[in-house]
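Coordinate inspection notes
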Amino acid sequence: QVQLVESGGGLVQPGGSLRLSCTASGSIFRINHMAWYRQAPGKERNIIASISSGGRTNYPNSESGRFTISRDNAKNTVYLQMNSLKPEDTAVYYCNADISLPESSGTYNYWGQGTQVTVSV
């Protein structure tokens, strides 16, 4: 069974920084595409950034100036460095990954449980 577990969320003041981590565990052959999403109260879940297995990054919603996605393949972990945080960044942040299982059992999409980020004075 594969699990994604996020950590690093919390309360931070405007202008502050946080680094989120998401580690995949379980029976894994290969982790392919990984991404971070966020969902603010009453709003839909939106993608922040994605990273390929080779390290190519994409920021569909122009957050590359403040947010940086990275990964450590040896640790099955993806990170999201968030700087210059604003109150509007308050949301639950979710990790997402496409993971191939051993013995050609297929590739599936997984979500973490989410970690709360609150930006407030």
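Above this text is the structure in question.
This section reports on the structure supplied with the text. (Residues numbered from 1 in each chain as written. Predicted model: local features only at pLDDT ≥ 70, side-chain atom pairs only at ≥ 80, totals over all residues. Heavy atoms only, no water.)

**Some words on the overall build of the protein chain**
As a reminder, the rule being used: By definition, any uninterrupted DSSP run of H or I lasting at least four residues is a helix, any uninterrupted run of E lasting at least two residues is a strand, and each is numbered from the N terminus. Only C-alpha atoms enter the radius of gyration, while the globule expectation follows 2.2 Å times N to the 0.38, with N the number of residues. Between two residues, a contact is recorded if the distance between any of their heavy atoms is within 4.5 Å. Note on areas: these come from Shrake-Rupley sampling with a 1.4 Å probe, and a residue is covered only by the protein chains present in the view. The charge count includes Lys and Arg as positive and Asp and Glu as negative, but it does not include His or the ends of the chains. In this description, the location of a charge corresponds to atom NZ of lysine, CZ of arginine, CG of aspartate or CD of glutamate.
Along the backbone of the protein chain there are zero helices and 11 strands. From first element to last, N terminus to C terminus, the protein chain shows the α and β order β-β-β-β-β-β-β-β-β-β-β. What you see for the protein chain is a C-alpha radius of gyration of 14 Å, in line with the 14 Å of a compact globule of 121 residues. In terms of overall dimensions, the protein chain has C-alpha extents of about 50 × 25 × 25 Å along its principal axes. Considering only contacts in the protein chain between residues 6 or more positions apart, those separated by 24 or more positions represent 55%. Carbon and sulfur atoms provide 45% of the accessible area of the protein chain, an area that totals close to 6400 Å². Mean positive and mean negative side-chain charge positions of the protein chain (10 and 8 charges, respectively) differ by 4 Å.

**Observations concerning the nonpolar core**
The cut-off we apply is this: We call a set of buried Ala, Val, Leu, Ile, Met, Phe, Trp, Tyr and Cys residues a nonpolar core when their side-chain atoms join them within 4.5 Å. Here the term buried applies to any residue with accessible area under 20% of the maximum for its type, exposed to any over 50%, and partly exposed to those in between, with areas from a 1.4 Å probe on protein chains only.
Counting 30 residues, the largest nonpolar core has Trp36, Leu80, Met82, Tyr93 and Ile99 as the members making the most contacts within it. Secondary structure elements with two or more residues in this core: β3 (18–25), β4 (30–39), β5 (46–51), β7 (67–72), β8 (77–82), β9 (91–100) and β11 (115–119). With five residues, β9 is the largest single contributor of residues to this core.

By themselves, these observations are geometric and do not establish any function.
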